[in-house]
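Structural description and commentary
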Amino acid sequence: MLKTLEIQNVALISRLSIDFSEGLNVLSGETGSGKSIIVDSLAFVLGDRADKTLIKYGEEYASVTALFTDVFGAAEKLREYGYDDGDELLISRKMTAAGKNEIRIQGKTSTLAILKEVCAELADIFGQGQHLALLKEKNQLAVLDSFCNFGGDDAALKEYHSRLGKVSAQLGALGGSDYERERTLDILRFQIEEIKNAELSQQEEEQLLAAHKRMVNAEKIAVALGEALEGVDNAVTGLSGAVSRLGDVAAVEERANDLSARLESGMIEAEDVRSTLEDMLSSLEFSEEEADRINNRIEEIRRLKRKYGGSVEAALQFLADAEKQYDDLQNAAQKRAELLDEQQDILEKMYGCARRITAERQRAAAQLSLRIKGELDQLGMKGTDFTVQFDTADRDRYFLSPSPSGADEVTFLMSANVGEPLKPLSKVISGGEMSRFMLAVKNITAQAEKIPTMVFDEIDSGVSGNMAQMVAQKLASAARGKQGYQCIVITHLPQIAAMSDRIVRVEKRLCDGRTETFAQTLEDNGRIEEVARLMGGVGRHALVNAEELVQHSEKYKSTLE
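These lines cover the structure that appears in this document, whether it is placed above or below. Fair warning: this is a prediction, and the values are worked out from it, not measured in the lab. (Residues numbered from 1 in each chain as written. Predicted model: local features only at pLDDT ≥ 70, side-chain atom pairs only at ≥ 80, totals over all residues. Heavy atoms only, no water.)

**Quick look at the overall build of the protein chain**
- Check the secondary structure of the protein chain and you find 20 helices and 15 strands.
- Scaling as 2.2 N^0.38, a compact globule of 561 residues should have a C-alpha radius of gyration of about 24 Å, whereas the protein chain reaches 41 Å, well beyond that.
- The C-alpha extent of the protein chain, read off along each of the three principal axes, is 140 × 70 × 40 Å.
- Within the span of the protein chain, comprising 561 residues, buried residues form 41% of the whole.
- Surface exposure of the protein chain reaches about 30,000 Å², of which carbon and sulfur atoms provide 49%.
- Charge-centre separation for the protein chain: the mean point of 68 positive side chains lies 8 Å from the mean point of 93 negative side chains. (Helix = DSSP H or I, 4+ residues; strand = E, 2+ residues; numbered from the N terminus. Rg over C-alpha atoms; globule rule 2.2 N^0.38 Å. Buried < 20%, exposed > 50% of the residue type's maximum accessible area, 1.4 Å probe, protein only. Areas by Shrake-Rupley, 256 points an atom, 1.4 Å probe, with all protein chains shown as cover. Lys, Arg positive; Asp, Glu negative; His and termini not counted. Charge placed at Lys NZ, Arg CZ, Asp CG, Glu CD.)

If you want it as structure tokens, here you go:
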């Protein structure tokens, strides 16, 4: 159940906090006062798509926070994603003018995908656009499916459909005609030979680049090595002379022998360095032929890399894939037969799932029809007939166009008047009847899905008079029955407002030269005054009539407890 909704910087709202109660909550106010903005804000924090136009003009961000209680339906998802699954759930969402989203569940950061999964168990919002959506047959199938228990067949069917797509792609890769297959084999053969003959390796490329770098800097290296060799020669000559001079005085100076031994050790090291430098200089001979070979080989490797993936590893992987495809094409007849067998097996399994899904849909459709007629009867549409018409593909037709949703197309048929034939919903239903029909459907599916909070944005569209009273009673019954759920309703009908457990009046005011939306929970006299306003009455008599309507509504609600 939604307990509190806090909104900041959304459209005309600077800051707003609304407390909701159990039962039937009504958002009332003049057209354009901002009632739908509150519903849009709730949809935003529950994970609906939104853009920067949601942000109040002149502000840098918009944020919405919602507190839910008794969130047992979402407990499993909360545990799955590592969030606290206590009795209360706090979610918040913030969007900046730069388009950045910040989402928190129980104070911890989250993603939009996780938010949607968790909130799917918390609330269902029925907007004004869903009237038209339900007239489309593909949406009618979704309504029926929400009332079904497929026992895993629906998930299996989608998995088989995915596998079928992969097998079909493999069959397509084998080529259609013999001419196409031979043409593909020629192309693959050329590519395989080109990569194989190149004998590519990562180590070779590194060695060639190093050799190329040495050649480019050969002159600089030769000069440096020559000068170093000259310096070492001078050092060896100097060390030799020093050793000789120390030998001349060794007989009279005891330390001369020690110094001479140390210098001789240095001479050995210097002579070794000189030998290495001479070898390096001798091996530094520049060959134009070798330079051309290295440059050509580097260019060949670069060409193949550009052609086959951008790197030596990618080219070698391309070779492996091409060899596999070549082998498959060479054995195309056998491979095709294997894939066709697999395709046939998948189609048989899909059709088996589809048939079981059809049986479940037909069972559910019979129950759904009875329940919808019962709901409509309570909403003042006595004598209304309703059924679900099936167009179910047979095996051959389904194999031609296998669908992941099954073999059925359904159409909701209705007759609102006794003696009139059943016709598609879109052909016979009026605006007021559509509102009541949607209320009936939502009441049934909400109970089946056990969604604790239902939000209706002007469910009373096209309803007036006695029908308005019946809709009000139905909403009160839905919010108080054994499987009752919290209802939040935007309405302009005094009958629904009088039947509510809480009225929140929404209005616009001018503050410091700007229009702002405010909301106030009405108590006692305030509720009666709001009902009187909705009745269009003026003066004391309007208040008396409004009070009578509220008392009548309270009496009706007492019979539901």
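**Examining the state of the cysteines**
- Overall, the coordinates contain 0 disulfides when judged by the stated rule.
- Left without a disulfide partner, Cys-148 is nearest to the cysteine sulfur of Cys-353, which lies 15 Å away.
- In this structure Cys-487 is not part of a disulfide, and its nearest cysteine sulfur, from Cys-119, lies 19 Å away.
- Given the relative accessible area of 0%, Cys-487 is considered buried. (Disulfide = S-S within 2.5 Å.)

**What about the nonpolar core?**
- Among the nonpolar cores identified, the biggest contains 99 residues, and Tyr-398, Phe-437, Phe-456 and Leu-475 are the most heavily contacted of them.
- Tallying contributions element by element places helix H13 (residues 332-378) first for this core, with 13 residues.
- Setting aside its immediate chain neighbours within four residues, Leu-475 contacts Leu-24, Leu-439, Phe-456, Ile-459, Cys-487, Val-489 and Ile-496.
- Membership of the second largest hydrophobic core comes to 42 residues, among which are Ile-37, Leu-122, Ile-488 and Val-506. (Core = buried A, V, L, I, M, F, W, Y, C linked by side-chain atoms within 4.5 Å. Contact = heavy atoms within 4.5 Å.)

**Some details on the environment of Pro-404**
- By the secondary structure assignment, Pro-404 is in the loop between helix H14 (395-400) and strand E10 (408-415).
- With relative accessibility at 32%, the residue Pro-404 sits in the partly exposed group.
- Each C-alpha atom of the pair Pro-404 and Leu-157 lies 5.7 Å from the other, and the pair is 247 residues apart in sequence.
- With near-sequence residues (within four places) excluded, Pro-404 lies in contact with Leu-157, Lys-158 and His-161.

**Things to note about the sheet that holds strand E5 (residues 88-96)**
- Read across the sheet, 6 strands follow the order E2-E1-E4-E5-E6-E7 without closing on themselves; strand pairing throughout is antiparallel. Where the open sheet ends on each side, the last strands, each with one partner, are strand E2 (13-19) and strand E7 (108-109).
- As judged from the 9 bridges shared by strand E4 (residues 61-69) and E5, these two strands associate in the antiparallel manner. Residue Phe-68 lies in a different strand from E5, and its bridge partner there is Leu-89. (Pairing = 2+ DSSP bridges.)

**A word on the pattern of salt bridges**
- By the definition in use, this model includes 34 salt bridges.
- In this structure, Glu-204 and Arg-297 form a salt bridge, with 2.7 Å as the shortest nitrogen-oxygen distance. With Glu-204 in helix H8 (residues 202-216) and Arg-297 in helix H11 (residues 288-307), this residue pair connects regions lying 93 residues apart in the sequence. Each member of the pair Glu-204 and Arg-297 is classed as buried.
- The partner of Arg-397 in a salt bridge is Asp-391, with the nearest N and O atoms 3.3 Å apart.
- For Asp-391, a relative accessible area of 33% puts it in the partly exposed group.
- A network of salt bridges, in which partner residues are shared, links Glu-30, Arg-505, Glu-507, Arg-509, Glu-530 and Arg-533. (Salt bridge = Lys/Arg side-chain N within 4 Å of Asp/Glu carboxyl O.)

**Some remarks on the packing of helix H5 (residues 137-145) against H13**
- Two numbers describe how H5 lies on H13: the axes approach to 10 Å, and their chain directions differ by 90°. It follows that H5 is roughly perpendicular to H13 by the angle criterion. On H13, the residues that touch Leu-141, Leu-144 and Asp-145 of H5 are Arg-361, Ala-364, Ala-365 and Leu-368. (Axes fitted to C-alpha atoms, helices over the stretch in contact; angles between N-to-C directions. Parallel < 35°, antiparallel > 145°, perpendicular 65-115°, else oblique.)

**Description of the sheet that holds strand E13 (residues 486-490)**
- With respect to topology, 6 strands assemble into an open sheet ordered E8-E12-E13-E3-E14-E15, the strand pairing being mixed. The sheet is open, and its two borders are formed by strand E8 (123-126) and strand E15 (514-522), each paired with just one other strand. Adjacent strand axes in the sheet meet at a mean angle of 15°, parallel and antiparallel pairs treated alike.
- In this sheet, E13 lies alongside strand E12 (residues 453-457) in parallel orientation, the contact comprising 5 bridges.

**Brief notes about the packing of aromatic side chains**
- One pass over the full model with this rule turns up 6 aromatic pairs.
- Ring-pair connections join several aromatic residues into one group, and the members of that group are Tyr-351, Tyr-398 and Phe-399.
- The ring of Tyr-61 is capped by Lys-94, whose NZ or CZ atom sits 4.4 Å from the centre of that ring. (Phe/Tyr/Trp six-rings, centres within 6.5 Å; stacked < 30°, edge-to-face > 60°. Lys NZ or Arg CZ within 6 Å of the ring centre and 35° of its normal.)

**Here's the deal with H13**
- Between its first and last C-alpha, H13 extends 65 Å over 47 residues, near the 69 Å set by a 1.5 Å rise per residue.
- Once H13 ends, the next one or two residues include Gly-380, with phi positive near 85°. (Expected span 1.5 Å × (residues − 1).)

**A short note on the pairing of E2**
- With 6 bridges joining them, strand E1 (residues 2-10) and E2 adopt antiparallel strand pairing. Among the inter-strand pairings, Ile-7 is bridged to a residue of E2, identified as Leu-16.
- Where E1 folds back onto E2 in an antiparallel hairpin, the turn is made up of 2 residues, including Ala-11, whose phi is positive at roughly 55°.

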